[in-house]
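What follows is each chain in one-letter form.
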Amino acid sequence: MNVMTRPEELEACAPAGTFVETVTSVTHYTDQLFHFHMTRPAGFRFRSGEFVMIGLMIEGKPVFRAYSIASPSWAEDMEFFSIKVPDGPLTSHLQKVQPGDAILMRKKPTGTLVNDALVTGKRLYMFSTGTGIAPFASVIRDPETYEKFDELILTHSCREVAELKYGQDLVAAVKTDEMLNELFDPSKLTLYNSVTREDYPFRGRITDLIESGKLFEDLGVPVLDPATDRAMICGSADMLKDTKALLEAAGLTEGANNRPAEFVIERAFAG
């Protein structure tokens, strides 16, 4: 299948309203997960936690999908974390990109997993499964998040232990980055991992761990309280539905960019 990846060729036929950016690095974590960086367009602005449409020119036609921006709003480049779908219209080709290849990106970012969509609270939970951790890779590197909340808890649940590595590397880097440590206190950030299909200290779906109370026992914090707790959720459609129900049962209300409240969901990837 013909996939156009040469920057000069893509520049000549890119659809209106798109940037043509160059891949600068690629990391393959497992046979199902990979991560890449690409150049950031001059003047491109976004809020930490937003997503954008990225794509490739395949058989002469642009193919786009929504991807959370994993880099924080202040970063000089763009970072993305992706699943590999063998027969996926986009990811079956995107997983093969190499440094120097070109990628299309729409010019308008959007999304609800942003600080503006939440009212101020004491504790921010970021509930994620699989590649749903990507927007939180952005949020936990934004100084505004640490100004708004006293405690940040990032939960990342996967099927296998190997799938946790991106998040573990990310949080370790945040805690040891001298520049970031000058901007905010990384001791406010806690990573909670759980696995569903292999042996691991914390096992089970995040929804089960919330419902049973084990999550809060493990973390040494009180159960969910709308007076103090805020949450962002990103994962599969079922995970979103189940986690939303648990938060609402605890008294939290769903918010939006134009109506900030106690929790928000990224619906762009569901269904």
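Below is a short write-up of the structure.

## A look at the nonpolar core
Working step 1: Core analysis: the largest hydrophobic core is formed by 29 residues, its most contacted members being Met126, Phe136, Ile140, Leu154, Leu189 and Met232.
Working step 2: Every element with two or more residues in this core is listed here: β8 (123-129), α3 (134-139), β9 (151-158), α5 (165-176) and β11 (229-234).
Working step 3: Not counting residues within four places of it along the chain, the set of residues in contact with Ile140 comprises Met126, Tyr146, Leu154, Leu170, Val171, Val174, Phe184 and Leu189.
Working step 4: Residues Phe19, Phe44, Phe46 and Phe80 belong to the second largest nonpolar core, which totals 21 residues.

## Topic: the pairing of β8
Working step 1: Most of β8 is tucked away: six of the seven residues are buried.
Working step 2: Of the pairings in the sheet, the one linking β8 to β9 comprises seven bridges and is parallel in character. Within β9, the position partnered with Ser128 by the bridge is His156.
Working step 3: With six bridges joining them, β8 and β11 adopt parallel strand pairing. From the neighbouring strand, Phe127 faces β11, where its bridge partner is Ile233.

## Describing helix α9 (residues 237-249)
Working step 1: In a regular helix each residue adds 1.5 Å, so 13 residues correspond to 18 Å; α9 covers 18 Å between its end C-alpha atoms and thus fits that length.
Working step 2: Taken together, the buried positions of α9 are Met239, Leu240, Thr243, Leu246 and Leu247. Each buried residue of α9 sits inside an arc of 135 degrees when the element is viewed along its axis, so together they form one side. In α9, the exposed residues that point more than 90 degrees away from the buried face are Asp238, Lys241 and Ala249.
Working step 3: Buried residues in α9 make contact with β8, α7 (206-212), β11 and β12 (263-265).
Working step 4: One or two steps after α9, the chain reaches Gly251, where phi turns positive at roughly 100 degrees.

## Examining the packing of aromatic side chains
Note on aromatic pairs: each is described by the distance of the centres and the angle between the planes.
Working step 1: Taken as a whole and assessed by the stated rule, the structure comprises 12 aromatic pairs.
Working step 2: Considering the side-chain rings of Phe19 and Phe44, the 5.9 Å spacing of their centres and the 80 degrees angle between planes classify their relative orientation as edge-to-face. With Phe19 in strand β2 (residues 18-28) and Phe44 in the loop between β3 (33-39) and β4 (51-58), this residue pair connects regions lying 25 residues apart in the sequence.
Working step 3: Take Phe44: its relative accessible area is 5%, and that puts it in the buried class.
Working step 4: By the ring-pair criterion, three or more aromatic residues cluster together here, those being Phe34, Phe36, Tyr67 and Phe80.

## Concerning the pattern of salt bridges
Working step 1: Scanning the model with the defined rule gives 16 salt bridges in all.
Working step 2: Here Glu9 and Arg6 are joined by a salt bridge, their closest N and O atoms 3.5 Å apart.
Working step 3: Lys244 serves as the salt-bridge partner of Glu254, at 2.8 Å between the closest nitrogen and oxygen. Of this pair, Glu254 sits in the loop between α9 and β12 while Lys244 sits in helix α9, placing them 10 residues apart in sequence.
Working step 4: We classify Glu254 as buried; its relative accessible area is 16%.
Working step 5: Overlapping salt bridges, with partners in common, bring together Arg205, Asp208, Lys241 and Asp242 in one network.

## Brief notes about the layout of surface pockets
Working step 1: Space inside the largest pocket adds up to approximately 1,000 Å³.
Working step 2: If you trace the largest pocket, you find 37 residues lining it, with Ile83, Thr129, Thr131, Gly235 and Ser236 closest to the centre.
Working step 3: At the level of secondary structure, the elements contributing two or more residues to the lining of the largest pocket comprise β5 (61-68), β6 (77-83), α3, β9, α7 and α9.
Working step 4: A total of four residues in the lining of the largest pocket trace back to one element, the largest contributor, which is β5.
Working step 5: Of the residues assigned to the lining of the largest pocket, the class counts are 17 nonpolar, 15 polar and five charged.

## Describing the sheet that holds β8
Hydrogen bonding along the main chain pairs the strands of a sheet, whether they run parallel or antiparallel.
Working step 1: A sheet is described by the order of its strands in space; here five strands give the open sequence β10-β9-β8-β11-β12, paired in parallel fashion. Lying at the two open borders of the sheet, with one neighbouring strand each, are β10 (189-195) and β12. Recorded for the sheet is a direction-independent mean angle of 15 degrees between the axes of neighbouring strands.
Working step 2: Packed on one face of the sheet, α5 meets β9 and β10 and runs near 165 degrees to β10.
Working step 3: Across the sheet, α9 touches β8, β11 and β12, and the angle it forms with β11 is around 170 degrees.

## Notes on the environment of Glu262
Working step 1: By the secondary structure assignment, Glu262 is in the loop between α9 and β12.
Working step 2: Residue Glu262 is classed as buried on the basis of its relative accessible area, which comes to 15%.
Working step 3: Once residues within four sequence positions are removed from consideration, Glu262 is found in contact with Leu118, Val119, Pro226, Asp229, Arg230, Ala231, Gly251, Leu252 and Thr253.
Working step 4: Polar contacts involving the side chain of Glu262 include one to the main-chain amide nitrogen of Thr253, which spans 2.9 Å.

Conventions adopted
- Residues numbered from 1 in each chain as written.
- Predicted model: local features only at pLDDT ≥ 70, side-chain atom pairs only at ≥ 80, totals over all residues.
- Heavy atoms only, no water.
- Core = buried A, V, L, I, M, F, W, Y, C linked by side-chain atoms within 4.5 Å.
- Buried < 20%, exposed > 50% of the residue type's maximum accessible area, 1.4 Å probe, protein only.
- Helix = DSSP H or I, 4+ residues; strand = E, 2+ residues; numbered from the N terminus.
- Contact = heavy atoms within 4.5 Å.
- Pairing = 2+ DSSP bridges.
- Expected span 1.5 Å × (residues − 1).
- Arc of directions from axis to C-beta.
- Phe/Tyr/Trp six-rings, centres within 6.5 Å; stacked < 30°, edge-to-face > 60°.
- Salt bridge = Lys/Arg side-chain N within 4 Å of Asp/Glu carboxyl O.
- 1 Å grid on protein atoms, 1.4 Å probe; cavity = no way out; pocket = protein on both sides within 12 Å on 5 of 7 lines; lining within 4 Å.
- Points joined across faces, edges and corners; volume = space filled by probe spheres on them.
- Nonpolar A, V, L, I, M, F, W, Y, C, P; charged D, E, K, R; others polar.
- Axes fitted to C-alpha atoms, helices over the stretch in contact; angles between N-to-C directions.
- Polar contact = N/O pair within 3.5 Å; in protein donor to acceptor, adjacent residues only side chain to side chain.

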